[in-house]
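Residue-level structure breakdown
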Amino acid sequence: MPGASIGVIGGTGLSELPGLTDVREVEVNTPFGAPSAPVVIGSYHGVEIAFLSRHGKGHSLTPTELPVRANIYALKLLGVERVISVSAVGSLREEMAPQDMVVPDQLIDRTRQRVSSFFGDGIVAHVDFAEPFCAEMRSLLVEACRDARANVHDGGTYVVMEGPAFSTIAESNLYRSWGASIIGMTALPEAKLAREAELCYGTLACVTDYDVWHPEHDNVSVEVVLRNLHHNVAVAQQVLQRIVPRLNGERDCACAHALDLAVVTAPDVRPAGATQRLKLLLGDRA
C-alpha cells in the first residue's frame, strides 16, 4: 500500500490541498470502518504526504459523526508518523483576533457522544496525555507561522465542544473564566487517538470569530465564519508549505513510544479478536 510519513487533516475550508502533485486517492479499509474520505497521497513541495479531508467531500459530516478512529488508523496504516491538524476555531481571548493563528498546547474535553479510544473490548491501555500535543510539532508549527508572517499565538487551551450548534453566552463566559483560549469541535478525540497510535500530533488553529462572548462583535454564525475562512485557508497553506519540508527527519520525542507502558492487560487474557484489531498499534506488544 502506498505510504507517506506526514499526514495533514484538513478542516473547515481546507477540503483539498492546492500544490499537491502526482496525486492518487487511496481507499483504506480499517477495523473501525471507512475514513471520512479517501486518503489523497501526493508530493507536496518535494515531500510525500497523505491528506485527509476531515468532514468528507462536500463537508457532509458533523463533528460528532466523524469516524475519527478510522481516520487515525488509516493514516497509521499508510505509514504516517506525524499529523498536522488544521482547524477553524472561535476565540475566547481579546488578543486572539479573527484571522490569527493559534498553536495550542492544552485541551479541555467537553464532548459527550464520541468514542475516544481504540482500546476496550478486553484490552485496556492508559496513555500519558498530560501534554496532548507533540512539543516538537508545536515548535515547528509556530516557527512556520512566523516565517509565513502570520500573527501566531504560541500556546493556549483549546476547549473542544460537542456541537454542531455554537455556544451559549453562558458557556462562552464559563470557558473564559477557566482561562481557556479558543473553542472548536474537532481536536478531540483526534489528539487522544493520535497519541494511542503513537503519532506526533499538532494543531494549527485558525481563528474565525470571537464566539459569542464579545460585546462589540457579531455572535458566531456560519456567515461570520465564512467571512474569515478564505483568509485563514490561504495563511494555513503558506504555513503548510513551510513546515512539511521540516518534518522529514527521525522523530526524537515520546510520542513514538506512548504505548510502551500503557497497555495493562496481560497478553494471555487478551481476546483474539481485539488483539487482531489492534495489531497495527500494538506491534511486538501484541
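So, here is what we can say about the structure in this document. The structure presented is a predicted model; accordingly, all values stated were derived computationally and were not measured.

How each quantity is defined
Residues numbered from 1 in each chain as written. Predicted model: local features only at pLDDT ≥ 70, side-chain atom pairs only at ≥ 80, totals over all residues. Heavy atoms only, no water. Salt bridge = Lys/Arg side-chain N within 4 Å of Asp/Glu carboxyl O. Helix = DSSP H or I, 4+ residues; strand = E, 2+ residues; numbered from the N terminus. Buried < 20%, exposed > 50% of the residue type's maximum accessible area, 1.4 Å probe, protein only. Expected span 1.5 Å × (residues − 1).

**Considerations on the pattern of salt bridges**
This structure, assessed with the given rule, holds 13 salt bridges. The salt bridge partner of Glu 25 is Lys 57, with a shortest N-O separation of 3.3 Å. Taken together, the positions of Glu 25 in strand β2 (residues 20–26) and Lys 57 in the loop between β4 (47–53) and α1 (68–77) put the pair 32 residues apart, joining distant regions of the chain. Here Glu 25 falls in the partly exposed class, since its relative accessible area comes to 48%. Here Lys 192 ties to Asp 109 by a salt bridge, and the two come within 3.2 Å at their closest N and O atoms. Of the two residues, Lys 192 sits in helix α4 (residues 187–196) while Asp 109 sits in strand β7 (residues 106–110), which places them 83 residues apart along the sequence. Judged by its relative accessible area of 24%, Lys 192 falls in the partly exposed class. Members of the salt-bridge network, linked through shared partners, are Glu 143, Asp 147 and Arg 246.

**Re helix α2 (residues 135–147)**
Helix length check: α2, at 13 residues, gives a terminal C-alpha distance of 18 Å against a target of 18 Å (1.5 Å per residue), a fit within 8%. Buried within α2 we find Met 137, Arg 138, Leu 140, Leu 141, Val 142, Ala 144 and Cys 145. Arg 149 lies just past α2 and shows a positive phi near 60 degrees.

**Details of unusual backbone geometry**
Going from Gly 163 to Pro 164, the amide bond is cis rather than trans, its omega being 0 degrees. Relative to the helices and strands, Pro 164 is located in the loop between β9 (157–161) and α3 (169–177). Put simply, Leu 188 and Pro 189 share a cis peptide bond, and its omega is 10 degrees. Position of Pro 189 among the secondary structure elements: in helix α4. Of note, the phi angle at His 59 is positive, near 55 degrees, even though the residue is not glycine. Mapped onto the elements of the fold, His 59 is located in the loop between β4 and α1. Using a relative accessible area of 42% as the deciding quantity, one classes His 59 as partly exposed. Phi angles above zero are rare outside glycine, and Asp 121 is one such case at about 55 degrees.

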